[in-house]
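Working through the structure, step by step
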Amino acid sequence: MNRIIVLAAACLLAPLASAQLYKYVDKDGKTVYTDQPPPDAIAKPVYGGANAAPAPAPKTFVDRDKELQKGRDKVRDEAKKADDKANLAARREEDCKIATSNARMYEEGGRMMKTNEQGERVFLSDEELEAAKAKSRREVEEACKKS
């Protein structure tokens, strides 16, 4: 008996579940919900529940694969940028160490030698030594500056 009542109620309510629902305010100021739009009032369709807009179609496998590939490409690009940044930082640190070492050599060293055009080793003059010290200081400033 209970089954028959439930089945009858389901059959009676089924058309209501698929019908469009309209909402409007009548001349007395009452809000009215109906399944047919009124001829003399402006009615707004009510969405939700069984009347909700249909869900978008599921994405195809090709679309999903394209989205996954975009994600993979983005991760790969970010990793490459991070590696490039780390390599640049390591190279700058190495350049700074070399420039500092060269500057220390000119500052602490005594007489420095160079090779002239004939291939002979000659001592640097005081002017050449000062110029080399100044150049090495500029190189240290350039190589060791923080960006």
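Residues numbered from 1 in each chain as written. Predicted model: local features only at pLDDT ≥ 70, side-chain atom pairs only at ≥ 80, totals over all residues. Heavy atoms only, no water.

What follows deals with the overall build of the protein. The secondary structure content of the protein amounts to three helices and five strands. Seen in sequence order, the protein has helices and strands lined up from the N terminus as α-β-β-β-α-β-β-α. Expressed as a percentage of the 147 residues in the protein, the buried residues total 10%. Within the protein, counting contacts between residues at least 6 apart in sequence, those at least 24 apart form 33% of the total. (Helix = DSSP H or I, 4+ residues; strand = E, 2+ residues; numbered from the N terminus. Buried < 20%, exposed > 50% of the residue type's maximum accessible area, 1.4 Å probe, protein only. Contact = heavy atoms within 4.5 Å.)

Okay, the layout of surface pockets next. Considering only enclosed or pocket space, the largest pocket measures out at about 190 Å³ in volume. In terms of lining, the largest pocket is formed by 11 residues, of which the most central are Ala89, Arg92, Glu93, Lys145 and Lys146. Of all the elements in the fold, those that place two or more residues in the lining of the largest pocket are α2 (61-108) and α3 (126-144). Take the lining of the largest pocket: its biggest share by element is six residues, from α2. (1 Å grid on protein atoms, 1.4 Å probe; cavity = no way out; pocket = protein on both sides within 12 Å on 5 of 7 lines; lining within 4 Å. Points joined across faces, edges and corners; volume = space filled by probe spheres on them.)

What follows covers the pairing of strand β2 (residues 31-34). With four bridges connecting them, strand β1 (residues 21-25) and β2 associate as antiparallel partners. What sits directly across from valine 25, in β2, is threonine 31. Count of turn residues in the β1/β2 antiparallel hairpin: five residues, of which glycine 29 carries a positive phi of about 90°. (Pairing = 2+ DSSP bridges.)

With that out of the way, let us pick up α3. With 19 residues, α3 should cover 27 Å at 1.5 Å per step; its first-to-last C-alpha distance of 27 Å lies within 8% of that length. Buried residues of α3: Leu129, Ala132, Lys133, Ser136 and Val140, and no others. Mapping the buried residues of α3 onto a view down its axis gives an arc of 100°, with all of them on the same face. Structural note: α3 exposes Glu127, Arg138, Glu141 and Glu142 on the side pointing more than 90 degrees away from its buried face. Next to the buried residues of α3 lie α2. (Expected span 1.5 Å × (residues − 1). Arc of directions from axis to C-beta.)

α3 packs onto α2 with a crossing angle of 160° between their chain directions and a minimal axis gap of 8 Å. The pairing of α2 with α3 is recorded here as roughly antiparallel in orientation. Note that α2 runs across α3; the crossing there is left-handed. Counting all contacts with α2, which are made through Arg92, Asp95, Cys96, Ala99, Thr100, Asn102, Ala103, Tyr106 and Glu107, the residues of α3 involved are Leu129, Ala132, Lys133, Ser136, Arg137, Glu139, Val140, Ala143 and Cys144. (Axes fitted to C-alpha atoms, helices over the stretch in contact; angles between N-to-C directions. Parallel < 35°, antiparallel > 145°, perpendicular 65-115°, else oblique. Left-handed = near helix turned anticlockwise from the far one by under 90°.)

This prediction gives the protein a mean pLDDT of 81; 80% of its residues lie at or above 70. Considering each helix and strand of the protein separately, the mean pLDDT is smallest for helix α1 (residues 2-18), with a value of 63, and largest for α2, with 93. (pLDDT = per-residue confidence, 0-100.)

Attention now goes to the side chain of asparagine 116. Within the secondary structure, asparagine 116 is located in the loop between β4 (113-115) and β5 (121-123). Within polar-contact distance, the side chain of asparagine 116 engages the backbone nitrogen of glutamate 120 at 2.8 Å. (Polar contact = N/O pair within 3.5 Å; in protein donor to acceptor, adjacent residues only side chain to side chain.)

Attention now moves to the side chain of lysine 133. Note on placement: lysine 133 falls in helix α3. Take lysine 133: its relative accessible area is 14%, and that puts it in the buried class. Not counting chain neighbours up to four residues away, the residues in contact with lysine 133 comprise Tyr106 and Glu107.

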